[in-house]
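These are the residues of each chain, in order.
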Amino acid sequence: MTAPQGRTGQPVLPALLGLGQRGADRRGRRPLPASVLRLPTIGIDIGGTKVVAGVVDGEGRIVEQLRTETPHKSKSPKVVEDVIVELVLELADRHDVHAVGVGAAGWVDADRSRVLFAPHLNWRNEPLREALSDRLKFPVVVENDANAAAWAEWRFGAGRGEDLLVMITLGTGIGGAVVRHGYVDRGHYGLAGEFGHMQVVPGGHRCPCGNRGCWEQYSSGNALVREARELAAAESPVAQPLLAMAGGDVAAITGPLVTEAAQAGDPMAVELLHDIGTWLGVGLANLAAALDPGRFVIGGGVSAAGDLLLAPAQDAFRRTLTGRGFRPEAQLARAALGNEAGLVGAADLARSVARRFRTVKRSRAER
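Cut-offs and rules
Residues numbered from 1 in each chain as written. Predicted model: local features only at pLDDT ≥ 70, side-chain atom pairs only at ≥ 80, totals over all residues. Heavy atoms only, no water. pLDDT = per-residue confidence, 0-100. Contact = heavy atoms within 4.5 Å. Salt bridge = Lys/Arg side-chain N within 4 Å of Asp/Glu carboxyl O. Helix = DSSP H or I, 4+ residues; strand = E, 2+ residues; numbered from the N terminus. Buried < 20%, exposed > 50% of the residue type's maximum accessible area, 1.4 Å probe, protein only. Phe/Tyr/Trp six-rings, centres within 6.5 Å; stacked < 30°, edge-to-face > 60°. Pairing = 2+ DSSP bridges. Axes fitted to C-alpha atoms, helices over the stretch in contact; angles between N-to-C directions.

Concerning the confidence of the model for the chain
- Mean pLDDT for the chain: 86, with 86% of residues reaching 70 or above.
- Within the model, the stretch residues 1-15 combines pLDDT values under 50 with 29 contacts to residues more than four positions away or in other chains.
- Within the model, pLDDT remains below 50 along residues 356-367, and this stretch shows 24 contacts once partners closer than five positions in the same chain are excluded.

Next comes the structure, spelled out in structure tokens:
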């Protein structure tokens, strides 16, 4: 595998998998040898509705993938852990894997061991790494799902080799992550990247986080659906084609349905995506003022709208950017790895512990 190159032309392999530029991270760990970077590992992507597990090789290719529903959030954390264990054991029966990376939709501490809070699961300060490694006898890394997706895009996708990459994931809400000089910038407490909760409209729409006017209330899948349903419920004439596509049921209007209507040329659906894209561009301009990245990578389900979303985002970004006309502009790119980015990134980050695991005799985990 050819090591990713920075804009200076210098290889950034010493920084791979969370290591610093000087060849060792703050804990003194050294760069991983190429033999370890090629080891197959398992990535887990946990969301509110599904758990996906896959074996990923050193080139970021998914060799095999399994999927199941996420147990209901009212159930105990062990129920979700049971699902993860079963998927890992099934894959380990058929592949010589060396570590497991878990991408969780929630706040993960700086040591990548505990899920402090997961909005869609009953995890509160949950010691997930210890719980899984004790049962699996595999080394385990736990990571925020947006961080994992950003890492995958930096290693294998639309952000490959960029010195300072910011990824935005537009789904139900807005997730975010920063990859800086070849490492995931998790912040002091591990909670960096919660860009969806920047306040963009003081006193605006109430957000589930408890505040008002958060960015994700204006540029996300939830925002798109809310606006479409409000128009349809008000019996607006412009919403009638979309309502007909939903079978006359306002509750059946979804983000993918709005995107489908926009791609078919429905004017209202196009306008709604234009509004979402405009707010996206405003938020990106704010992030550019704070972080000055070389590239923004836009992923998540809403990004399936393509230029219907990204073209207005680009326009709003240029119009809102501080110092516009007198500074370089960050590139905007659509994510390349789609829904698999989180799984691929989690598996690749797990290679940071695979080196130690090779010297340990593996034993079958108890079911």
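Next comes the rest of the account.
Re the pattern of salt bridges
- A full pass over the atoms with the stated rule returns 15 salt bridges.
- With a closest N to O distance of 3.9 Å, E143 and R112 form a salt bridge. Placement of E143 in strand β8 (residues 140-144) and of R112 in the loop between β5 (107-108) and β6 (115-117) is noted, with a sequence separation of 31 residues between them.
- Taking the relative accessible area as the measure of exposure, R112 reaches 10% and is therefore buried.
- D185 is paired through a salt bridge with R180; the nearest N and O atoms lie 3.0 Å apart.
- Each of E64, E90 and R94 takes part in a single network of salt bridges with overlapping partners.

Concerning the packing of aromatic side chains
- Across all of its chains, the model carries four aromatic pairs by this definition.
- Between F296 and F317, the aromatic rings sit 5.9 Å apart at their centres with planes inclined by 80 degrees, giving edge-to-face as the arrangement. Of this pair, F296 sits in strand β12 (residues 295-299) while F317 sits in helix α9 (residues 307-320), and the two are 21 residues apart along the sequence. In this structure, F296 and F317 share a single accessibility class: buried.

Some thoughts on the sheet that holds strand β2 (residues 50-56)
- The five strands are arranged β3-β2-β1-β4-β8 in an open sheet whose pairing can be described as mixed. Two strands lie at the open edges of the sheet, namely β3 (62-69) and β8, each paired on one side alone. Adjacent strand axes in the sheet meet at a mean angle of 15 degrees, parallel and antiparallel pairs treated alike.
- Pairing analysis gives seven bridges linking β2 to β3, with the strands arranged antiparallel. Paired with V56 across the bridge in β3 is I62.
- Sheet contacts for helix α2 (residues 77-92): β1 (41-46), β2, β3 and β4 (100-104); angle to β2, the most-contacted strand, approximately 25 degrees.
- In the packing of helix α10 (residues 341-349) onto the sheet, contacts are made with β1, β2, β3, β4 and β8, and the angle to β1 comes to roughly 135 degrees.

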